[in-house]
Amino acid sequence: SQQGEEDPQALSIQEGENATMNCSYKTSINNLQWYRQNSGRGLVHLILIRSNEREKHSGRLRVTLDTSKKSSSLLITASRAADTASYFCAPRSKGTGTASKLTFGTGTRLQVTL
Amino acid sequence: EPEVTQTPSHQVTQMGQEVILRCVPISNHLYFYWYRQILGQKVEFLVSFYNNEISEKSEIFDDQFSVERPDGSNFTLKIRSTKLEDSAMYFCASSSGTRNYEQYFGPGTRLTVT
């Protein structure tokens with residue numbers, strides 16, 4: 001696997017606003033996953049987008065993937081205080097096994113204020 | 001919804017002591033992982049385990065570390081002689097290894113070595 005680079009490092013928004021965070025990676029992928037980590041807790045899988053998909057939705061989450069630019073974005077709409085967490089992307093390199101390790105970057109720290 | 005559980009939630013031990021961290025992965029999953037996160041740093045991969053043997057391990061996973069699946073449900077990480085720098089959150093994860101590539105993480109064990 002390879003490490004994704006999330007941007008921005010930190011994001012502060014008000015409740016109800018949308019939050020967009022980006023991920024860039026270096027080499028071709030099979031898929032890319034987004035995870036959330038609340039402070040000091042385990043990671044929670046949010047959404048997976050495959051390399052042949054351009055956009056995917058799950059509830060208030062929208063993920064896009066641009067393989068030509070080797071980048072992905074995660075949009076959280078109508079944010080809530082409970083969305084406050086760190087968000088990580090995990091690109092899975094082409095040729096790696098189904099269950100190979102995940103490699104995490106430093107993430108985007110999202111703060112949603114009331 | 002099935003979840004990964006870990007015990008204990010917090011373990012304090014003295015330098016040089018052995019510790020065993022326990023995990024119960026999701027019951028029909030086949031792949032198991034340990035990750036760790038030193039305070040304020042990235043989540044780092046330690047080891048993956050499949051079919052009763054280690055599939056992959058990182059440089060961190062040296063001879064002081066071992067993993068075991070002693071029965072059909074538990075997955076353990078043993079640190080033989082703990083060092084101060086082993087203080088971290090340790091996360092267990094499991095995956096079905098099928099087309100669903102996501103890994104499900106436990107809540108973590110905070111290990112404090114004094």
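In this text, all values refer to a predicted model and were calculated from it rather than measured experimentally.

A.B. asks: I'm lost on the overall build of chain B in this one. Help?
C.D. replies: What chain B contains, in helices and strands, is 0 helices and 11 strands. For chain B, the α and β elements follow one another from N to C terminus as β-β-β-β-β-β-β-β-β-β-β. For 114 residues, the compact-globule estimate of 2.2 N^0.38 gives 13 Å, and chain B sits close to it at 13 Å. Oriented by its inertia axes, the alpha-carbon framework of chain B measures out at about 40 × 25 × 25 Å. Per-residue burial over chain B gives 45% buried out of 114 residues. When the accessible surface of chain B is split by element, carbon and sulfur atoms take 45% of a total near 5,900 Å². Across chain B, the centroid of the 10 positively charged side chains sits 1 Å from that of the 14 negatively charged ones.

A.B. asks: It is not clear to me how the side chain of Q103 of chain B should be interpreted in this structure. Could you clarify?
C.D. replies: Within the secondary structure, Q103 of chain B sits in the loop between β9 (88-95) and β10 (104-105). Among the polar contacts listed, one links the side chain of Q103 of chain B to the backbone oxygen of S100 of chain A, at a separation of 3.2 Å.

A.B. asks: Just to check I follow, could you spell out the sheet that holds strand β1 (residues 5-7) of chain A for this structure?
C.D. replies: Whenever strands of a sheet pair, they do so through backbone hydrogen bonds, lying parallel or antiparallel. Residue and element names in this part refer to chain A. Read across the open sheet, the 5 strands follow the order β1-β3-β8-β7-β6; overall the sheet is antiparallel. Bordering the open sheet on either side are β1 and β6 (55-58), each of which pairs with just one other strand. Taken over all neighbouring pairs, the strand axes of this sheet differ in orientation by 20 degrees on average, direction set aside. Pairing of strand β7 (residues 61-66) with strand β8 (residues 71-76) involves 6 bridges; the strand directions are antiparallel.

A.B. asks: Would you explain unusual backbone geometry in this entry?
C.D. replies: A cis amide bond links D7 of chain A with the next residue in sequence, P8 of chain A, at an omega value of 0 degrees. Cis geometry is found at the peptide bond from T7 of chain B to P8 of chain B, where omega equals -10 degrees. With respect to the secondary-structure elements, P8 of chain B resides in the loop between β1 (5-7) and β2 (10-13). Backbone geometry at K70 of chain A places phi at a positive 50 degrees, although glycine is not the residue there. Looking at the secondary structure, you find K70 of chain A in the loop between β7 and β8. Owing to a relative accessible area of 27%, K70 of chain A belongs among the partly exposed residues under this scheme. In this structure, N51 of chain B is a non-glycine residue whose phi angle is positive, near 55 degrees. Within the element layout of this structure, N51 of chain B appears in the loop between β5 (43-50) and β6 (53-57).

The rules we used
- Residues numbered from 1 in each chain as written.
- Chains lettered and ligands numbered in written order.
- Predicted model: local features only at pLDDT ≥ 70, side-chain atom pairs only at ≥ 80, totals over all residues.
- Heavy atoms only, no water.
- Helix = DSSP H or I, 4+ residues; strand = E, 2+ residues; numbered from the N terminus.
- Rg over C-alpha atoms; globule rule 2.2 N^0.38 Å.
- Buried < 20%, exposed > 50% of the residue type's maximum accessible area, 1.4 Å probe, protein only.
- Areas by Shrake-Rupley, 256 points an atom, 1.4 Å probe, with all protein chains shown as cover.
- Lys, Arg positive; Asp, Glu negative; His and termini not counted.
- Charge placed at Lys NZ, Arg CZ, Asp CG, Glu CD.
- Polar contact = N/O pair within 3.5 Å; in protein donor to acceptor, adjacent residues only side chain to side chain.
- Pairing = 2+ DSSP bridges.
- Axes fitted to C-alpha atoms, helices over the stretch in contact; angles between N-to-C directions.

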